[in-house]
Amino acid sequence: MTENIDHPQEAWKYLNTLISSSKKSIATNQISYLINLIKEDMEDQGFAVFREYLNKMFSKLPASVLPYFLESLITLRETEPYWFIQKLINFLINANRPIYQIKGLQLIQQIKDDSYVPYIIPLIYHTHKPLRKEAIRTIVANPGCAEKIVEGDLRSRSEKKRTKAVKLLRKINPENIKLALEQIESTDFIERIHAIQVLANTNNRKWIAKITTFLNDPDLSVRKAAIEAISGLGGTNAKKILNQKLLHEEYLPLKVIIQEQLKNI
């Protein structure tokens with residue numbers, strides 16, 4: 001920050017006084033007062049000035065004080081000005097320092113604002129594990145438009161990204177159709193069963209053709225799930241498919257299940 005400033009500098013002056021007093025620590029009430037001065041200094045200032053001012057504060061604060069300062073920053077008061085919360089979130093999320101970004105995510109969780117979702121999504125793929133977990137926690141708490149964005153990552157060239165997208169979609173909406181269509185081809189029989197059930201729960205008979213393939217699945221429980229799903233979707237086509245399956249099914253317990261399901265169509 002240049003010295004030729006045209007906005008208040010009371011917080012900066014106060015911080016310099018605290019540091020020059022040679023005290024080993026800064027009291028909680030002093031941190032609170034410092035933050036109040038920052039709000040007064042930065043009121044009616046643009047984000048560029050706000051960002052530069054906070055960067056200067058962070059660079060000057062003793063390392064021992066920084067965690068308390070960050071925690072105090074995101075501790076909301078009843079009369080907290082909206083402009084301050086908005087600028088603070090933007091500052092923390094875009095700081096490119098995980099410790100700051102995590103605090104920004106925690107602040108978003110407090111205010112329950114899902115408009116920040118597009119800025120949070122990239123953080124769920126971050127290499128910093130605690131930041132990644134906090135981003136996922138924030139999205140799950142305030143999904144907003146996240147489901148549609150993450151759906152696109154199911155077809156990513158990156159296997160790691162696809163895996164993370166699957167895990168997040170499971171948390172946001174286990175009934176997601178695109179997720180089900182991906183998992184229906186899974187090598188895990190439990191995932192295939194869940195996918196079949198999701199498609200069946202749509203009550204849309206267009207999925208009967210997709211599910212029919214799994215009447216011949218290597219896993220018995222998947223075949224059972226497919227039978228029940230087709231029966232649940234119902235209709236003339238479903239009845240025809242199950243009657244055909246009944247004619248060729250050699251495993252007696254499944255024949256009994258098909259017969260029982262046919263009664264429900």
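Note that this is a predicted model, so its numbers are computed, not measured.

1. What to know about unusual backbone geometry
Stage number 1. Despite not being glycine, Asp-44 shows a phi value in the positive range, around 70°.
Stage number 2. Relative to the assigned elements, Asp-44 resides in the loop between α2 (28-42) and α3 (47-60).
Stage number 3. Among the residues examined, Asp-44 registers a relative accessible area of 75% and is labelled exposed.
Stage number 4. Not every positive phi belongs to a glycine, and Lys-112 is a case in point at roughly 55°.
Stage number 5. Within the fold, Lys-112 resides in the loop between α6 (98-111) and α7 (117-120).

2. Thoughts on helix α10 (residues 159-172)
Stage number 1. In a regular helix each residue adds 1.5 Å, so 14 residues correspond to 20 Å; α10 covers 20 Å between its end C-alpha atoms and thus fits that length.
Stage number 2. Within α10 the residues assigned to the buried category are Ala-165, Val-166, Leu-168, Leu-169 and Ile-172.
Stage number 3. For α10, the secondary structure elements touched by its buried residues are α8 (129-141), α9 (146-151) and α11 (177-183).

Cut-off values and rules
- Residues numbered from 1 in each chain as written.
- Predicted model: local features only at pLDDT ≥ 70, side-chain atom pairs only at ≥ 80, totals over all residues.
- Heavy atoms only, no water.
- Helix = DSSP H or I, 4+ residues; strand = E, 2+ residues; numbered from the N terminus.
- Buried < 20%, exposed > 50% of the residue type's maximum accessible area, 1.4 Å probe, protein only.
- Expected span 1.5 Å × (residues − 1).
- Contact = heavy atoms within 4.5 Å.

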